[in-house]
Amino acid sequence: MSLSDCNPVCAYSWTKDGQSPTTGSDLQLTNIQRGQTGVYRCTASNGYGSRTSIDVSVTVNYGPGASVSISPPDNTYTRTEGDTLPDITCTADCRPGCTFVWTKPDNTNFTASAVLSLGQLDRSEHGTYRCTARNVAGESTTTTSVIVTVQYGPGTSITLSPPDTSYSRTEEDTLPDIICTADCRPGCTFVWTKPDNTNFTASAVLSLGQLDRSEHGTYICTARNDIGTSKTTTTVTLQYGPGDSIAFEPMQDIVERVENQTVPNIKCFADCRPPCTYSWSKSGTVRPNPLSLSKVTRTNAGTYTCIANNTISKGTNDWDLIVKFPAEIDSLEYNQGDADVTEHGSKTLICKVESVPSSTITWYYKNNDKQLFTATDVLESSYTLTTAGCLDTGLYTCSARNSVSNTAVVKDIRINVLYHNGLLKIKA
């Protein structure tokens, strides 16, 4: 309340921070809010003058409520172990000013500071950090959190259970399941690789059970996530024959060559315990290992069988040689009879070709080079003159070509059309 002795009676007004005057001698602040903080003055005036009161300062204390924020504003960070996280500052609107506490993922106080400073990250700093602001008026009513995801690869954490790194067994023994584990974030996937370096199972468990000869060798467990890869091995030693492990060097089991080109020596080898002896066989002829063919001809084409043998068993594997050569016309003939055909009759011509790969055979009427018919990827083609006329007499050409040569081979054959002249048949 503000009163002044005036005559005539004064009029009163209040201002806050020099603005927004209100009339009346009484200043009432109810349900006080933070916006009412300020300096208040009362002015009394009548026709003879005015007078202003001393300043009345009103300070409204308030807690942080829901005003807590962070800078930078991101509330999630995904980093790789060893990366540096920028400092994160927690702020709030409070009067009097707030104190701040950051809480660690294990819910213990991490730092009594507005600044969360983790610096270079390690995996132990993964988790959710919470900032709490408080003053005499209260504590923050909402949780302000920063989720720090620290990713890391398996590193040296990869282990096996049982921990044995080698097993010695005879064929048909049973091997216990072997489990591969690793500490990774995000979680690792696991792949067991067979001795031939092919993936055996996309699982952490290597389950071989009853062993056979194909399972001899070193098995590799690979633990992998987006950050890194680690491997560990266990060796299974078995005594076994070659089974289906027979392979070749160079690796191809089918080789193509153009006639008179050379083929490198082909070495046959296999996974055997004890070691195998080797030989090659083709059409009953035995050859030593490695197989040596040098410059090849079409007679060298075919299947060569490698025989691998030890005291346990014998195995075989085939290696195929394809010898390509350009088209050669073996024969060009009539399906029956000779070159003569009666008028309105039919005559079929047959062209047989030898080539690897197969050929494209095209028929022409040579008198005017008219193309009659084409057959692709064949070794034999026929052409039938269905209704012979006198103008069909002449030479017919079989032309053959394959991918080995751009030059076609050709051969001609004649058709004579016999037509009636009175009682006689006359060649056209």
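Shown above is the structure to which this text applies.
It should be emphasised that the depicted structure is a prediction, and the values quoted were computed from it without experimental measurement.

The rules we used
- Residues numbered from 1 in each chain as written.
- Predicted model: local features only at pLDDT ≥ 70, side-chain atom pairs only at ≥ 80, totals over all residues.
- Heavy atoms only, no water.
- Pairing = 2+ DSSP bridges.
- Helix = DSSP H or I, 4+ residues; strand = E, 2+ residues; numbered from the N terminus.
- Salt bridge = Lys/Arg side-chain N within 4 Å of Asp/Glu carboxyl O.
- Buried < 20%, exposed > 50% of the residue type's maximum accessible area, 1.4 Å probe, protein only.

Draft legend 1. Structural view of the sheet that holds strand S23 (residues 205-206). Spatially, S17-S20-S23 is the arrangement adopted by the three strands of the open sheet, whose pairing is antiparallel. Every other strand in the sheet has two partners, leaving strand S17 (159-161) and S23 as the edge strands with one partner each. Where S17 lies against strand S20 (residues 178-181), three bridges are found, and the strand directions are antiparallel. Bridging from a neighbouring strand, Ser-161 pairs with Ile-179 of S20.

Draft legend 2. Spotlight on the pattern of salt bridges. Evaluation of the coordinates by the stated rule reveals ten salt bridges. The shortest N-O distance in the salt bridge between Lys-366 and Asp-412 comes to 2.5 Å. Residue Lys-366 is located in the loop between strand S38 (359-365) and strand S39 (370-378), and its partner Asp-412 is located in strand S42 (residues 409-421); the two are separated by 46 residues in the primary sequence. Exposure remark for Lys-366: the relative accessible area of 39% places this residue in the partly exposed category. Note on Asp-412: relative accessible area 31%, which makes it partly exposed.

Draft legend 3. Representation of the sheet that holds strand S12 (residues 115-116) within the structure. Strand order in the open sheet formed by three strands is S6-S9-S12, with antiparallel pairing between adjacent strands. Of all the strands in the sheet, the pair left with one neighbour each is strand S6 (69-71) and S12. Relative to strand S9 (residues 88-91), S6 is paired through three bridges, and the arrangement is antiparallel. The residue of S9 that forms the bridge with Ile-70 is Cys-90.

Draft legend 4. Summary view of unusual backbone geometry. The omega torsion of the bond from Arg-95 to Pro-96 falls at -5 degrees, within 30 degrees of zero and hence cis. Among the structural elements, Pro-96 can be located in the loop between S9 and strand S10 (99-103). Cis geometry is found at the peptide bond from Arg-185 to Pro-186, where omega equals -5 degrees. For Pro-186, the position within the fold is in the loop between S20 and strand S21 (189-193). Backbone geometry at Asn-107 places phi at a positive 70 degrees, although glycine is not the residue there. According to the relative accessible area criterion, Asn-107 is exposed, its value standing at 58%. The backbone phi angle of Ser-294 is positive, close to 60 degrees, even though this residue is not glycine. Secondary-structure assignment places Ser-294 in strand S33 (residues 294-295).

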